[in-house]
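Overview (structure and organization)
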Amino acid sequence: GVGSGVVYAYRRVGSEYEEIQKIVPAGLAPGDAFGSAIAIDGNVAVIGARLAKDGNGSAYVFRLDAAGQWVEEQELEASLEGREAGRGPVKGQFGRAVAISFPWIAVGAPRDNFFNFLPRLKMGAVSMFEHTGTNAEDPWEFDDLAGYLIPVGIPPGELFGTSVALDGPVLA
């Protein structure tokens, strides 16, 4: 649908790039903005859909299979752990920024507001996910240790998580 988004994968062959696949996750809806952020590490890609789920956002994990096709592996969503009942992200744009450095994925949500009883704050957040399994098919899980990051003392309107970078255990 209109504004749902799509990602085209290319592979360099000689001196040119050839299109190998049109990537679209299951359940994509008009206006989701799939492809608003993309990161790849080896055979794993994470792709943001910052406006999915009525603006709360999602991120999708794809894995390159033996045939050279990107296969949807999992949809990641903002964790509500540690939040009071009914206080989840309010149009946080989870998936606006993504980064991967196996076994970690960082997903930015710059309009997230943990303290959504004051929705104008829009401080932003970054959620961390980890692949702890031994098989490729094992799920990515919300990282209970690092989890949900908001800088201490961040002022309102900072939009933390607008962009993210990850190199091993270092997040910026």
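Overview of the overall build of the protein
A tally of helices and strands in the protein yields 0 helices and 13 strands. Considering the protein as a whole, with its 172 residues, one finds that 42% of them fall into the buried category. Accessible surface, the protein: about 9000 Å² in total, of which carbon and sulfur atoms supply 53%.

Considerations on the environment of Lys53
Tracing the chain through its elements places Lys53 in the loop between strand E4 (44–49) and strand E5 (58–64). The exposure class of Lys53 is partly exposed, given its relative accessible area of 39%. Between the alpha carbons of Lys53 and Gly31 there is a distance of 9.6 Å; along the sequence they are 22 residues apart. Contact partners of Lys53, with chain neighbours within four places excluded, come to Asp32, Ser58, Glu75 and Glu77. There is a polar contact of 3.3 Å between the side chain of Lys53 and the side chain of Glu75.

Here we look at the environment of Gly3
With respect to the secondary-structure elements, Gly3 resides in the segment before strand E1 (7–13). Along the backbone, Gly3 and Asp32 are 29 residues apart, and their C-alpha atoms lie at a distance of 6.4 Å. Apart from the residues lying within four places of it in its own chain, the contact partners of Gly3 are Gly31, Asp32 and Ala33.

What about a nonpolar patch on the surface?
Taken together, Val6, Tyr8, Tyr10, Tyr17 and Val24 make up a surface patch of nonpolar side chains, about 500 Å² in accessible area. On the secondary structure map, Tyr17 appears in strand E2 (residues 16–23).

Side note on the pairing of strand E7 (residues 97–101)
Residues in a regular strand point their side chains to alternate faces of the sheet. Burial within E7 is extensive, with 5 of its 5 residues counted as buried. Where E7 meets strand E8 (residues 104–109), 5 bridges bridge the pair, whose relative direction is antiparallel. When the sheet's bridge partners are listed, Ala97 is paired in E8 with Gly108. Hairpin remark: E7 followed by E8, antiparallel, with 2 residues in the connecting loop.

With respect to unusual backbone geometry
The phi torsion of most residues other than glycine is negative, and most of the peptide bonds are trans. Cis geometry is found at the peptide bond from Phe102 to Pro103, where omega equals 15°. Along the polypeptide, Pro103 turns up in the loop between E7 and E8. The backbone phi angle of Asp54 is positive, close to 60°, even though this residue is not glycine. With respect to the secondary-structure elements, Asp54 resides in the loop between E4 and E5. A relative accessible area of 62% places Asp54 in the exposed class. The phi dihedral of Leu159 is positive, around 60°, even though this residue is not glycine. The class of Leu159 is partly exposed, set by a relative accessible area of 28%.

What counts, and at which threshold
Residues numbered from 1 in each chain as written. Predicted model: local features only at pLDDT ≥ 70, side-chain atom pairs only at ≥ 80, totals over all residues. Heavy atoms only, no water. Helix = DSSP H or I, 4+ residues; strand = E, 2+ residues; numbered from the N terminus. Buried < 20%, exposed > 50% of the residue type's maximum accessible area, 1.4 Å probe, protein only. Areas by Shrake-Rupley, 256 points an atom, 1.4 Å probe, with all protein chains shown as cover. Contact = heavy atoms within 4.5 Å. Polar contact = N/O pair within 3.5 Å; in protein donor to acceptor, adjacent residues only side chain to side chain. Patch = residues over 30% accessible without salt bridge, like charges linked within 9 Å, V, L, I, M, F, W, Y side chains within 5 Å. Salt bridge = Lys/Arg side-chain N within 4 Å of Asp/Glu carboxyl O. Pairing = 2+ DSSP bridges.

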